[in-house]
Amino acid sequence: MFKNIAFLLFFVSQFIYSQETIKGIVTDENNQPLLGANVFWFNTAVGTTTDENGNFTIKKSPETSSLVISYIGFETQKIDVVNNTISVILKEVKTLKEVTITKTKKGTEHSLYKVQNIQVMGQKELLKAACCNLSESFSTNPSIDVNFSDAVTGNRQIKMLGLTSPYILIAEENIPSVRGASQAYGLSFVPGTWVESIQITKGAGSVINGYESISGQINYEVLKPSNDIPFFLNAYASQDERYEINTHFNNKFSDKLSSTLFLHGNTRVGKNDMNNDGFLDGPIGKQVNILNRWQYNDAENGIVSFLNVRYMNDEKQAGEMSFNPDTDRLTTNAWGSEINTEKIEISNKTGYVFPDMPYQSFGFQNSFQSHKQDSYFGLSQYDIHQKSFYSNLLFNSIINNTKNKFTTGLNFSYDDYNEFVAMNFNRDFSRIDNSVGAFFEYTYDNSDNFSLVAGARVDNHNRLGTFVTPRLHIRYNPWKEAVIRASAGRGKRAANIFAENQQLFASNRNFSILNTDGKLYGLNPEIAWNYGLSFIQKFKLVGKDVEVILDYYRTDFQNQAVVDIDASPQDVLFYNLKGNSFANSFQAEFSVDLMTHLTFKTAYKYYDVQTQFVTGQMQRALQAKHRVFGNLAYETHIKDKGQQWKFDVTYNWLGEQRLPYTQSNPVQYRLDEYAKAFGTLNAQITRTFSSTFEVYVGGENMGNYKQMNGIVQNENPFGTYFDSSMIYGPTFGAMYYAGLRFKIKDKKQNHEIEELAPVKEEAHNH
Amino acid sequence: MKRIVLLVLACIFSFTMVAQEKKSKNKKVEFKVAGNCEMCEKRIEKAAYSVKGVKSAEWHADHGDIHLIIDETKCSKEDVAKAIAAVGHDTQFTKAKDEDYDKLHGCCNYERIEK
């Protein structure tokens, strides 16, 4: 008998082995079988559940021998399977312990599910750049390159996919904001503390905001009065005697009406010349910037409305240390420059969501802006006054169901430019531009792993003509935690050749426009196609969260208003593209949460940006082919009263950059053919004492790298060879700063009032 | 005067009657659907969308309710419940067949609704 049983057991085990299955039983401590307990192989989706007798069978897994058994109300067990039959006794959890799950929020989020390649920079990321305005907010973001445009104005220029900011559509809450006359300095007119978040879209953007975007879109959201804190104060001071102050006053008049008054002032009084070229390293000046924002929220009736009224006045003075504007303005006593800008803006947007149809809404945006810049650079004068009106009416709804959404609408824009240039020629370029357009954008989402956005718009513009702008975006999740995105689109724009290239005024180059038959300064509209492919994979590597991002984008110009500074060091030529002009960019980004609260991010960027100039097909000057970015962020655990330390270090390495042609100059005024590679290091430490008070200190360019020959012929700025626009690196040395932030919070934090404005939702959906 | 008031009341009453009978093209409906996880969510919503007339379908794992907006001239909530039950999920109105329930992935084997 015993033998028989042994034989039978042997047989059974053989049988099980050949089937490669595991049999088992799950019971509780009282030997009662558990019905419906989950049994699955660790870290896989392969699993089963127990039957009414507590029995289960599961196929052997090639990947793991760890089996996890769980049942609600019982402690989960992980066992290593060695035998083919197992019995598991689960212990009952006496009291369900409260579990607090905490996850450190990332400063910049990369979505796996949005159709477009959008990254959202939140408050946390924005605080890493302590100073001070939007043009300085991108220093910790590898997708946007920030560099100085010239050695005189201290202006920062941003680039995306190897193309400068005019090819990026920059919008404030979806209303184009940095455009036309404000192209050069517009970003520096938005104080960083006003900004709630920034959405960066790589490649062809949505058609809703217009036809102008070519390499990408940057949209920033301003703080919403309905969920703002009653008072905020930020003060900043730096070693180069730059002082900034921001105060926000918020008042909630009722649960529907609220308002915030933003006051910003900054001044730079320090005259610094750290590279001893006789010129100020950065301009001195002052800015007053006031915004009053009103929000009306009526959630019951689905109405949200915003009204913004804004005034800004900015004065800058740059040039030689000895320059005194009162006596030396437009003389050859000393070289100097003043740039005075006044901006007035009134905008309103209203959203209406149909109460019984949350997927259907109307949006209406209107904005009036006046931007007036009076300036001179040495003996050249440049004045521009742009008065513009922009209006956008949107309608969102669905076709059959919410898997098929659409947005359609009408745009109207009107720009009255008064533009006057006096240098090697005097000319009035005043003009009126207007355009009317209609758009339709369809979004399909299979609510699982695939979505697409296909949009088109037709516009009629008095100078660009009538034209169609198509855009297409596709998203596919091939497997877990991964996404592939593809995009293609066309963009068309009117180049404002002077406003966009103001850095060239700070030189003695002669300006010439070689074409005369076009409608835009004699030139034709710029037209480009952009194609992109992007892949993101998130995974765990020995228990650490890892994110890998690969991006490839190509921009192909059909026509471009070429800005040629290579034909001769004494000239800048503008002409229509003849031949090829393209920008290829590749970016590989890797980030890992090394341990709790410690994140490391690195990126390599490759740019191949070429244009057919009169002297041949060349790499664009002042553009590094290779760039490396590294960022290390660490924060301590937040204590009860909110005390915390935060540390942040950013390293940027730029490979060699081609410098504009200077070989025909006398020897002492020649630059090398290529600028050497260099790196810069920025760091910041923040100490939070409580949830309402924190201080920060930081340093920029701590390696003290300086471009010494930033200004050619600096000893005689009225000579033939003077040029301050050939800037490839920082002209100032290391710079340290300190600041504080103070908040007064609501007694009860009304987070439930965080009703999403429909127009805002717009920004996130597309 | 009294007569007018009565007349007006009658009018309003008949009007509301009509309004009640009229089928809404954007009717909000909520009912219980049993399920556990994200996989369930995708399956449930996919099943709901497969019914003609369902404009919006959102199932919430935390409280097990499905929020629908349906065109009542094209379908009823019972139609949607049936479609969801057909893929293995018990609903407030319709119970899934055992064989459909058994086809579900291990982590989706929710606690069944007793009837």
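Cut-offs used in this document
- Residues numbered from 1 in each chain as written.
- Chains lettered and ligands numbered in written order.
- Predicted model: local features only at pLDDT ≥ 70, side-chain atom pairs only at ≥ 80, totals over all residues.
- Helix = DSSP H or I, 4+ residues; strand = E, 2+ residues; numbered from the N terminus.
- Buried ≥ 20, exposed ≤ 12 C-beta atoms within 10 Å, placed from the backbone.
- Contact = placed C-beta atoms within 7 Å.
- Rg over C-alpha atoms; globule rule 2.2 N^0.38 Å.
- Nonpolar A, V, L, I, M, F, W, Y, C, P; charged D, E, K, R; others polar.
- Core = buried A, V, L, I, M, F, W, Y, C linked by C-beta atoms within 7 Å.
- Pairing = 2+ DSSP bridges.
- Axes fitted to C-alpha atoms, helices over the stretch in contact; angles between N-to-C directions.
- Parallel < 35°, antiparallel > 145°, perpendicular 65-115°, else oblique.
- Left-handed = near helix turned anticlockwise from the far one by under 90°.
- pLDDT = per-residue confidence, 0-100.
- Expected span 1.5 Å × (residues − 1).

(A) Region of interest: the overall build of chain B. The helix and strand inventory of chain B stands at four helices and three strands. When its helices and strands are written in sequence order, chain B yields α-β-α-β-β-α-α. Within chain B, the fraction of its 115 residues that count as buried is 32%. Here the contacts in chain B between residues at least 6 apart in sequence split such that 55% fall between residues at least 24 apart.

(B) Region of interest: the overall build of chain A. Secondary structure assignment for chain A yields five helices and 45 strands. Taken against the 2.2 N^0.38 rule, which gives 27 Å for 766 residues, the C-alpha radius of gyration of chain A at 30 Å falls within 12% of a compact globule. Going through the 766 residues of chain A one by one, you find that 44% of them count as buried. A sequence separation of at least 24 residues applies to 63% of the contacts in chain A between residues at least 6 apart.

(C) Broad picture of the interface of chain B and chain A. Of the residues lining the interface, 13 residues belong to chain B; the matching set on chain A comes to 15 residues. Looking at the side of chain B that touches chain A, the elements with two or more residues in it are helix H2 (38–49) and strand E2 (54–59) of chain B. Taken together, the residues of the side of chain B that touches chain A break down into four nonpolar, four polar and five charged.

(D) Summary view of the environment of Phe 368 of chain A. All names here are of chain A. Mapped onto the secondary structure, Phe 368 falls in strand E23 (residues 361–377). When the C-alpha atoms of Phe 368 and Gly 154 are compared, they prove to be 29 Å apart, with 214 residues separating the residues in sequence. Apart from the residues lying within four places of it in its own chain, the contact partners of Phe 368 are Ile 346 and Phe 389.

(E) Spatial organisation of the nonpolar core. Val 562 and Phe 574 of chain A are the most contacted members of the largest nonpolar core, which has 92 residues in total. With sequence-adjacent residues up to four places away left out, Phe 574 of chain A is seen in contact with Ile 497, Ile 513, Leu 514, Leu 523, Ala 561, Val 562 and Val 563 of chain A. If you look at the next biggest cluster of nonpolar residues, it comprises 24 residues, including Val 33, Val 80, Ala 81 and Ile 84 of chain B.

(F) Representation of the sheet that holds strand E2 (residues 38–41) of chain A. Residues and elements named next belong to chain A. Taking strand neighbours across the sheet as the criterion, the four strands line up as E3-E2-E5-E6 in an open arrangement whose pairing is antiparallel. What marks the edges here is a single partner per strand, and that holds for strand E3 (47–49) and strand E6 (77–80). Averaged over all neighbouring strand pairs, the angle between strand axes comes to 20 degrees, with direction disregarded. Pairing analysis gives three bridges linking E2 to E3, with the strands arranged antiparallel.

(G) Layout of the sheet that holds strand E11 (residues 156–160) of chain A. All names here are of chain A. Strand order in this open sheet of three strands is E10-E11-E12, and the pairing throughout is antiparallel. Every other strand in the sheet has two partners, leaving strand E10 (144–148) and strand E12 (163–164) as the edge strands with one partner each. Sheet topology note: the E10/E11 ladder contains five bridges and is antiparallel. What sits directly across from Ile 144, in E11, is Met 160.

(H) Examining helix H3 (residues 77–86) of chain B more closely. All of the buried residues in H3 of chain B are Lys 77, Val 80, Ala 81, Ala 83, Ile 84 and Ala 85 of chain B. Gly 88 of chain B, located one to two residues past H3 of chain B, shows a positive phi value of around 110 degrees.

(I) Looking closely at the packing of H2 of chain B against H3 of chain B. Residues and elements named next belong to chain B. At their nearest, the axes of H2 and H3 sit 8 Å apart, and the two run at 135 degrees to each other. Our classification of the angle between H2 and H3 gives oblique. As for how H2 packs across H3, the hand of that crossing is right-handed. Across the interface between the two elements, Ile 44, Ala 47 and Ala 48 of H2 pack against Val 80, Ala 83, Ile 84 and Ala 86 of H3. Tallied by class, the residues present in the contact of H2 with H3 amount to seven nonpolar, no polar and no charged.

(J) Inspection of the confidence of the model for chain A at higher detail. Model confidence for chain A is summarised by a mean pLDDT of 88, while 93% of its residues fall at 70 or above. The low-confidence segment residues 749–766 of chain A, where pLDDT is below 50, has 34 contacts with residues more than four positions distant or belonging to other chains.

(K) Molecular detail of the pairing of strand E30 (residues 482–493) of chain A. Residues and elements named next belong to chain A. Sheet topology note: the strand E29 (residues 465–476)/E30 ladder contains six bridges and is antiparallel. Pairing of His 473 across the sheet is with Ser 487, part of E30. What sits between E29 and E30 in their antiparallel hairpin is a turn of five residues, with Glu 481 showing a positive phi close to 60 degrees. Here twelve bridges tie E30 to strand E32 (residues 526–541), and the two strands are oriented antiparallel to one another.

(L) Summary view of H2 of chain B. When the terminal C-alpha atoms of H2 of chain B are compared, their 16 Å separation across twelve residues agrees well with the 16 Å that a helix rising 1.5 Å per residue should span. Taken as a whole, H2 of chain B has its buried residues at Cys 40, Arg 43, Ile 44, Glu 45, Ala 47, Ala 48 and Tyr 49 of chain B. Turning to H2 of chain B, the residues buried within the fold contact strand E25 (401–422) of chain A together with E2, strand E3 (65–70) and H3 of chain B.

(M) Up close: the pairing of E23 of chain A. Residue and element names in this part refer to chain A. Two elements, strand E22 (residues 336–353) and E23, share 17 bridges in a ladder whose sense is antiparallel. The residue bridging Tyr 352 from the neighbouring strand is Phe 362, located in E23. The turn joining E23 and strand E24 (residues 380–399), which pair antiparallel and follow one another in sequence, is formed by two residues; a positive phi near 60 degrees is taken by Gly 378.

(N) Representation of the environment of Val 304 of chain A in the model. Mapped onto the secondary structure, Val 304 of chain A falls in strand E21 (residues 303–319). Along the chain, Val 304 of chain A and Ser 388 of chain A lie 84 residues apart, while their C-alpha atoms are 25 Å from each other.

(O) Just unusual backbone geometry, in detail. All names here are of chain A. The backbone phi angle of Asn 400 is positive, close to 70 degrees, even though this residue is not glycine. Backbone geometry at Gln 713 places phi at a positive 55 degrees, although glycine is not the residue there. Residue placement: Gln 713 occurs in the loop between strand E44 (693–700) and strand E45 (735–744).

(P) Just the confidence of the model for chain B, in detail. In the predicted model, chain B carries a mean pLDDT of 83, and 81% of its residues have values of at least 70. This complex was scored by the predictor with a pTM of 0.81 and an ipTM of 0.73.

(Q) Spotlight on the environment of Lys 128 of chain A. Summarising the element assignment, Lys 128 of chain A is placed in helix H2 (residues 123–128). The contact partners of Lys 128 of chain A, leaving out residues within four places of it in the chain, are Gly 107, Thr 140, Asp 648 and Gln 684 of chain A.

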